[in-house]
Amino acid sequence: MEKFTLEILFQIIGIGSASGLFYNNDALYVIGDNSGFLYEYNMQNQQLNQHALIDNTTQNIPKNLKPDFESLTHHNDTLYVFGSGSTENRNKMIEFDLKSKTVLQKNNLVDLYSVMQNFGAIKPEDFNLEGAIFDGENWYLFNRGNGVSNKNTIFTIHAKNLGEEFALISVNYKLPKIKGVRSSFTDAVLVDDKIYFLSTAEDTKSTYDDGEILGSFIGRIDIKTMKIDFTQKITSTNKFEGLTFYKKENNKIEFLLCEDNDTDLLETKIYKLTIPAK
């Protein structure tokens, strides 16, 4: 792969432990894995708004109680925010309307997550969804293999609505290592017919406990073959957990990234990653 560039674009005060983001019309929507809010940041006037996704929420929910919102995706005017499924409190999926800026529906995906675990032969303690894509016909949910079994799995669910009947496919991936530690999926986004994904190497055997950060990769998967085209290490220090498409021009593609700093500090750096569009 040709040279990439990674730079800090700006910092947002008021958001901590950022875990997912979506860029749309100069607005950046951000979720944090310890918060029950969806944050809306206007990049032009630098104004930050917050929308409650759950009742009686706060910006720093205790770890054992948090909904652990780790991924979001969109289709048409709806954002879909997913809990990781890694504990009983983390099975929610929230549908949020981008026009009215209101919650449309709250869903409990405990039954779907159980089916996925059984189908993918993933133990409950190794189940940890951290990326989501919806193209209108298929849902792609990314299990982060940072548990003992290292199950980096993409589940493809063929259904327009997750509450209806569906066909299910799962594919396992061996992602690159850093210092002997295998990286694991942390987010993904669909651009044209390619899935661009982030993976992070974190020295832990738990989906619950954090470990030493060893670095992060950008990678690409052809959606037709579901095979990896390339991976590229982009940092040795950052735990990137959020990825969204920004712009494409001059044979280059730009993404915005956010990182989970694993602290209670309410500040988030937004990075811009530029790679060749090929």
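The structure under discussion appears in the preceding block.
Residues numbered from 1 in each chain as written. Predicted model: local features only at pLDDT ≥ 70, side-chain atom pairs only at ≥ 80, totals over all residues. Heavy atoms only, no water.

*Asks:* I'm lost on the overall build of the protein in this one. Help?
*Replies:* Per the secondary structure count, the protein includes one helix and 22 strands. Against the globule reference of 19 Å for 278 residues, the protein gives a C-alpha radius of gyration of 17 Å, in line with a compact fold. Along the first, second and third principal axes, the C-alpha atoms of the protein reach 45 × 45 × 35 Å. Element-wise, carbon and sulfur atoms account for 45% of the exposed surface of the protein, whose accessible area totals about 12100 Å². When the 29 basic and 38 acidic side-chain charges of the protein are each reduced to a single mean position, those positions are 7 Å apart. (Helix = DSSP H or I, 4+ residues; strand = E, 2+ residues; numbered from the N terminus. Rg over C-alpha atoms; globule rule 2.2 N^0.38 Å. Areas by Shrake-Rupley, 256 points an atom, 1.4 Å probe, with all protein chains shown as cover. Lys, Arg positive; Asp, Glu negative; His and termini not counted. Charge placed at Lys NZ, Arg CZ, Asp CG, Glu CD.)

*Asks:* What exactly am I supposed to notice about the sheet that holds strand β21 (residues 252–259) here?
*Replies:* Working definition: the strands of a sheet are paired by backbone hydrogen bonds and lie parallel or antiparallel to each other. If you trace the four strands from one edge of the open sheet to the other, you get β1-β22-β21-β20, paired in antiparallel fashion. Edge strands, defined here as strands with exactly one partner in the open sheet, are β1 (5–13) and β20 (240–249). Here the strands of the sheet are splayed against their neighbours by 25° on average, with no regard to which way each runs. With eight bridges joining them, β1 and strand β22 (residues 267–276) adopt antiparallel strand pairing. Note that in β22 the partner of L6 across the bridge is L273. (Pairing = 2+ DSSP bridges. Axes fitted to C-alpha atoms, helices over the stretch in contact; angles between N-to-C directions.)

*Asks:* Honestly, the nonpolar core in this entry has me stumped. Any pointers?
*Replies:* The nonpolar side chains of a soluble globular protein tend to be buried, and buried together. Counting 19 residues, the largest nonpolar core has F82, M116, I157 and L162 as the members making the most contacts within it. Of all elements in the fold, only β7 (78–83), α1 (110–120), β10 (129–134), β11 (138–143) and β12 (152–158) reach the threshold of two or more residues within this core. Ignoring sequence-local partners within four residues, the contact set of I157 consists of L112, M116, E137, N138, W139, L141, L162, F166, A167 and L168. Formed by 16 residues, the second largest nonpolar core is a distinct cluster that contains I15, Y39, Y41 and I270. (Core = buried A, V, L, I, M, F, W, Y, C linked by side-chain atoms within 4.5 Å. Buried < 20%, exposed > 50% of the residue type's maximum accessible area, 1.4 Å probe, protein only. Contact = heavy atoms within 4.5 Å.)

*Asks:* Looking at this structure, how should I read the pairing of β20?
*Replies:* Strand residues, when the strand is regular, have side chains that alternate between the two faces of the sheet. Where β20 and β21 come together, eight bridges link them in antiparallel fashion. Bridged to L243 within β21 is L257. Turn length for the β20-β21 hairpin, with the two strands adjacent in sequence and antiparallel, is two residues, and the turn residue N250 shows positive phi of about 50°.

*Asks:* Would you take a moment to explain unusual backbone geometry for this structure?
*Replies:* When glycine is set aside, most residues are seen to have a negative phi, and most peptide bonds are trans. Despite not being glycine, S17 has its phi angle at roughly 45°, a positive value. Note on placement: S17 falls in the loop between β1 and β2 (18–24). Judged by relative accessible area, S17 falls into the buried class, the value being 4%. The phi dihedral of D26 is positive, around 65°, even though this residue is not glycine.

*Asks:* Would you take a moment to explain the environment of P67 for this structure?
*Replies:* Residue position: P67 is located in the loop between β5 (47–52) and β6 (69–75). Residue classification places P67 among the buried positions, given a relative accessible area of 2%. The residues contacting P67, other than those within four sequence positions of it, are S35, I54, I61, G83, S84, N89 and R90.

*Asks:* For this particular structure, what's the right way to read α1?
*Replies:* The periodicity of an α-helix, 3.6 residues per turn, causes residues three or four places apart in sequence to face the same way. Along α1, the residues classified as buried are L112, Y113, M116, Q117 and G120. In a view along the axis of α1, the buried residues occupy a sector of 140°, so they form one face of it. Residues D111 and N118 are exposed on α1 and point more than 90 degrees away from its buried face. In this fold, the buried residues of α1 make contact with β7, β10, β11, β12 and β13 (167–173). Trailing α1 by a residue or two, A121 shows a phi angle of about 55°, which is positive. (Arc of directions from axis to C-beta.)

*Asks:* Sorry, what's going on with the pattern of salt bridges here?
*Replies:* Think of it this way: side chains of opposite charge can pair up when their charged atoms draw near. Summed over the entire model, instances satisfying the criterion amount to 19 salt bridges. For the salt bridge of K66 with D33, the shortest nitrogen-to-oxygen distance reads 3.6 Å. Linking K66 in the loop between β5 and β6 with D33 in the loop between β3 (27–32) and β4 (37–42), this pair joins segments that are 33 residues apart in sequence. K66 sits in the buried class, given a relative accessible area of 9%. Here D192 ties to K248 by a salt bridge, and the two come within 2.9 Å at their closest N and O atoms. Of this pair, D192 sits in the loop between β16 (184–191) and β17 (194–203) while K248 sits in strand β20, and the two are 56 residues apart along the sequence. Residue classification places D192 among the exposed positions, given a relative accessible area of 59%. Residue K248 is classed as partly exposed on the basis of its relative accessible area, which comes to 46%. (Salt bridge = Lys/Arg side-chain N within 4 Å of Asp/Glu carboxyl O.)

*Asks:* I'm lost on the environment of I213 in this one. Help?
*Replies:* Tracing the sequence through the fold places I213 in strand β18 (residues 212–222). Through-space distance from the C-alpha of I213 to that of E254 is 24 Å; in sequence the pair is 41 residues apart. With near-sequence residues (within four places) excluded, I213 lies in contact with T200, A201, E202, S236, T237, N238 and K239.

In short, shape yes, function no, at least from these values alone.
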